Amino acid sequence: MVGMFPMGFTVGAGSKSTQNRRGYTRVMKATALAHPNIALIKYWGKHDRVLNTPAVPSLSVTLAPFKTETSVTWGTPIDHFVINGVTVAGDASARVAQFLDLIDPKRPPVAIESHNNFPTAAGLASSSSAFAALALAASTAAGQALNPTALSILARQGSGSASRSVWGGFVSWTTADREDGTDSHGHPIAPKDHWDLAVLVALVSDQKKAVSSRDGMNLTQETSPLFGGWEASGPADVAEAKAAILAKDLSRLGTVMEHSTMKMVATMFSAQPAVIYMQPATVAVLHAVRALRAKGIPAWATMDAGPNVKVLTTPQAAHQVEATLLQHVKTVHTLSVGGPARLI
Ligand code: DP6
């Protein structure tokens, strides 16, 4: 079957279909691709843990060529989930099974095969592309044609940051006013082609982090005395970043991005016990980025729930920034603004 879903998702080469007993065509297998995103203004803390709605709004840029590709077969003998060639078990498997139940509580067993072309669970936003790709592949395989907003609401319930990876380019994610959380989803601010930026990932470590972002943010929210200030200042940061993106003002965007990052890190450090994702090389890279700026080179740093540093710069300055970062880490990935989640 090749058909155009509302809002432009095409079911084509990557999907298999069958006629069910009632005679309508149902897609049984679908493959989707999603890019991860990094938050320029951070999501850190939850309003509702069951609905997975955020305590603060956030804003991100979707990044290529990092990607997750996920194939879902809807209707197999048993649930079987494979990520990067390894069968998923335990809590991770339960989290995926629960997510599939959101699509259809009476679902059949499902097979998932997913692959990342970058390190998983190392603070490189792998859950953002993972749940965006899974939401699109699984809902398509289940025969549901969700538009991007519905897809973002679904993806949010798998992992908050995934609500933003449904879109390419620059995306904000709003908090919920409604009790059922349905107004908490991604909103496209500007598409991929709006602004050609470079994001360099200084890879301090590609190891799976000891404290997941979910556990880190919950502990922070429960114990940091700084959390109230963090929460109160979030909306203004999103407004400032949005204005900077629309005006293509990199210095303005970099400044508010670093401020959001450091406020988030302050809440982590002031948790009880403290959540410390940084390693010595992380701090060295932060200083190197400041030194670049002092020399007039456009570079601003951000971090997430991990030791790696992402540096926002222009494509023109990327080479020089990379050379500086390589004095502190062995590997630097240079990424550009990516497109939306799509069926392949
Ligand atoms: C620091 O989206 O991984 O990267 O919703 O619990 O799955 P869950 O959390 P997740 O958290 C990401 C936190 C962050 C900041 C961000 O991406 O906005």
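These notes cover the structure that comes with them. Each chain carries its own residue numbering, running from 1 in the written order of its sequence. The predicted nature of this model means local features are confined to residues of pLDDT at least 70 and side-chain atom pairs, given and counted, to a pLDDT of 80 or more, with totals for whole chains, interfaces and linings taken over all residues. Just so you know, side-chain values use all the structure's heavy atoms and leave hydrogens and water out.

Remarks on the overall build of the chain
Going by this rule: Helix and strand assignments follow DSSP, with helices taken as H or I runs no shorter than four residues and strands as E runs no shorter than two, numbered in order from the N terminus. Between the two quantities, the radius of gyration covers C-alpha atoms and the globule rule is 2.2 Å times the number of residues to the power 0.38. The classification of residues rests on relative accessible area computed with a 1.4 Å probe and restricted to protein chains. Under 20% of the type maximum is buried, over 50% is exposed, and intermediate values are partly exposed. What makes two residues a contact is simply this: any of their non-hydrogen atoms within 4.5 Å. Note on areas: Shrake-Rupley, 1.4 Å probe, and residue coverage restricted to the protein chains presented here.
Assigned secondary structure in the chain consists of nine helices and 19 strands. Taken over the C-alpha trace, the chain has a radius of gyration of 20 Å; the compact-globule value for 344 residues is 20 Å, and the two agree within 12%. Projected onto the principal axes, the alpha-carbon positions of the chain cover approximately 70 × 40 × 35 Å. The buried share among the 344 residues of the chain stands at 55%. Counting only contacts in the chain whose residues sit at least 6 apart along the sequence, the fraction spanning at least 24 positions is 73%. Of the roughly 14500 Å² of accessible surface on the chain, 55% is carried by carbon and sulfur atoms.

Quick look at the pattern of salt bridges
Applicable threshold: What makes a salt bridge here is a side-chain nitrogen of Lys or Arg within 4 Å of a carboxyl oxygen of Asp or Glu, nothing more.
Counted according to the given criterion, the structure contains ten salt bridges. A salt bridge links Glu222 to Arg49; the nearest nitrogen and oxygen atoms lie 2.6 Å apart. Here Arg49 lies in the loop between strand E6 (46–48) and strand E7 (53–54) and Glu222 lies in helix H5 (residues 213–223), a separation of 173 residues in the sequence. Looking at Glu222, the relative accessible area reads 53%, which means it is exposed. Residue Lys310 pairs with Asp304 through a salt bridge whose shortest N-O separation is 2.9 Å. Each member of the salt-bridge network shares a partner with another, and the members are Lys42, Asp304 and Lys310.

What about the site of the ligand?
Convention followed: In this text, near means that some heavy atom of the residue lies within 4 Å of the molecule or strand in question. Each polar contact in these results corresponds to two N or O atoms within 3.5 Å; when the atoms are within protein, one needs to be able to donate a hydrogen and the other to accept it, and residues that are neighboring in sequence are counted only if both atoms are side-chain atoms. Residues are grouped as follows: Ala, Val, Leu, Ile, Met, Phe, Trp, Tyr, Cys and Pro are nonpolar; Asp, Glu, Lys and Arg are charged; every other residue, Gly included, is polar.
Near the ligand there are 18 residues, and of these Tyr43, Lys46, Ser159, Gly160 and Arg214 occur at the shortest range. The contact in question runs from an oxygen atom of the ligand to an N or O atom on the side chain of Ser161, over 2.7 Å. When its residues are assigned to classes, the shell around the ligand shows six nonpolar, six polar and six charged.

A short note on unusual backbone geometry
For the peptide bond that leads from Ala64 to Pro65, omega is 5 degrees, which places it in the cis range. Phi at Asn84 takes a positive value of approximately 50 degrees, unusual for a residue other than glycine. Exposure remark for Asn84: the relative accessible area of 31% places this residue in the partly exposed category.

Observations regarding the packing of helix H2 (residues 126–141) against helix H3 (residues 148–158)
We count it as follows: Helix axes use the C-alpha atoms of the stretch in contact, all axes being lines fitted to C-alpha atoms, and the angles between their N-to-C directions lie in the range 0 to 180 degrees. Comment on the angle field: the value is read as roughly parallel under 35 degrees, roughly antiparallel over 145, roughly perpendicular from 65 to 115, and oblique elsewhere. Crossing handedness is defined as follows: a turn of the near helix away from the far one that is anticlockwise and smaller than a right angle gives a left-handed crossing, while the clockwise case is right-handed.
Packing of H2 against H3 brings their axes to within 9 Å, and their N-to-C directions diverge by 125 degrees. Compared by their axis directions, H2 and H3 come out oblique. Along this stretch, H2 crosses H3, giving a crossing that reads as right-handed. Residue-level inspection shows Phe131, Ala132, Ala135, Leu136 and Ser139 of H2 in contact with H3, the latter providing Leu151, Leu154, Ala155 and Gly158. Residue composition of the contact of H2 with H3, by class: seven nonpolar, two polar and no charged.

Remarks on the side chain of Thr314
Its place among the elements puts Thr314 in the loop between strand E17 (309–313) and helix H9 (318–325). Within the structure, Thr314 has its side chain in polar contact with the backbone nitrogen of Ala317 (distance 3.1 Å). Each residue touching Thr314, except ones within four places of it in the same chain, is listed here: Ala198, Leu250 and Pro298.

Notes on the nonpolar core
What counts here: Take the buried residues of types Ala, Val, Leu, Ile, Met, Phe, Trp, Tyr and Cys, join any two whose side-chain atoms come within 4.5 Å, and each joined set is a nonpolar core.
Membership of the largest hydrophobic core comes to 34 residues, with the highest contact counts inside it found for Val72, Trp74, Leu100, Ile103, Ile112 and Leu134. Within the residue set of this core, elements represented by two or more residues are strand E4 (25–34), strand E9 (68–74), helix H1 (90–103), strand E12 (110–116), H2 and H3. No other element matches the nine residues that H2 contributes to this core. If you look at the next biggest cluster of nonpolar residues, it comprises 29 residues, including Trp195, Leu197, Val199 and Val256.

Quick look at the pairing of strand E18 (residues 331–337)
Let me state the cut-off plainly: Whether two strands pair depends on DSSP finding at least two bridges between them.
Inspection of the sheet shows strand E8 (residues 58–64) paired to E18 by two bridges, in the antiparallel sense. What sits directly across from Ala64, in E18, is Ser336. Relative to E18, strand E15 (residues 198–203) is paired through six bridges, and the arrangement is antiparallel. In the sheet register, Ala202 faces E18, and the bridge partner there is Val332.

A closer look at the environment of Ser152
With respect to the helices and strands, Ser152 occurs in helix H3. Between the C-alpha atoms of Ser152 and Ala142, which are ten residues apart in sequence, the distance is 17 Å. Beyond its immediate sequence surroundings of up to four residues, Ser152 is in contact with Ser163, Val166, Trp167, His185 and Gly186.

Here's the deal with the side chain of Arg107
Within the element layout of this structure, Arg107 appears in the loop between H1 and E12. Arg107 sits in the buried class, given a relative accessible area of 15%. Within the structure, Arg107 has its side chain in polar contact with the side chain of Asp79 (distance 2.9 Å). Beyond its immediate stretch of four places on either side in the chain, Arg107 contacts Trp74, Asp79, Ala97, Leu100 and Asp101.

A look at the packing of aromatic side chains
The condition that has to hold: Pairing of aromatic rings covers Phe, Tyr and the six-membered ring of Trp, with a centre-to-centre limit of 6.5 Å; geometry is then stacked below 30 degrees between planes, edge-to-face above 60, and tilted otherwise.
Enumeration according to the criterion identifies four aromatic pairs in this entry. Look at Phe99 and Phe131: their rings are 5.2 Å apart centre to centre, the planes differ by 75 degrees, and that puts the pair in the edge-to-face class. One end of the pair, Phe99, is in helix H1; the other, Phe131, is in helix H2, and 32 residues separate them in sequence. Residue Phe131 is classed as buried on the basis of its relative accessible area of 8%.

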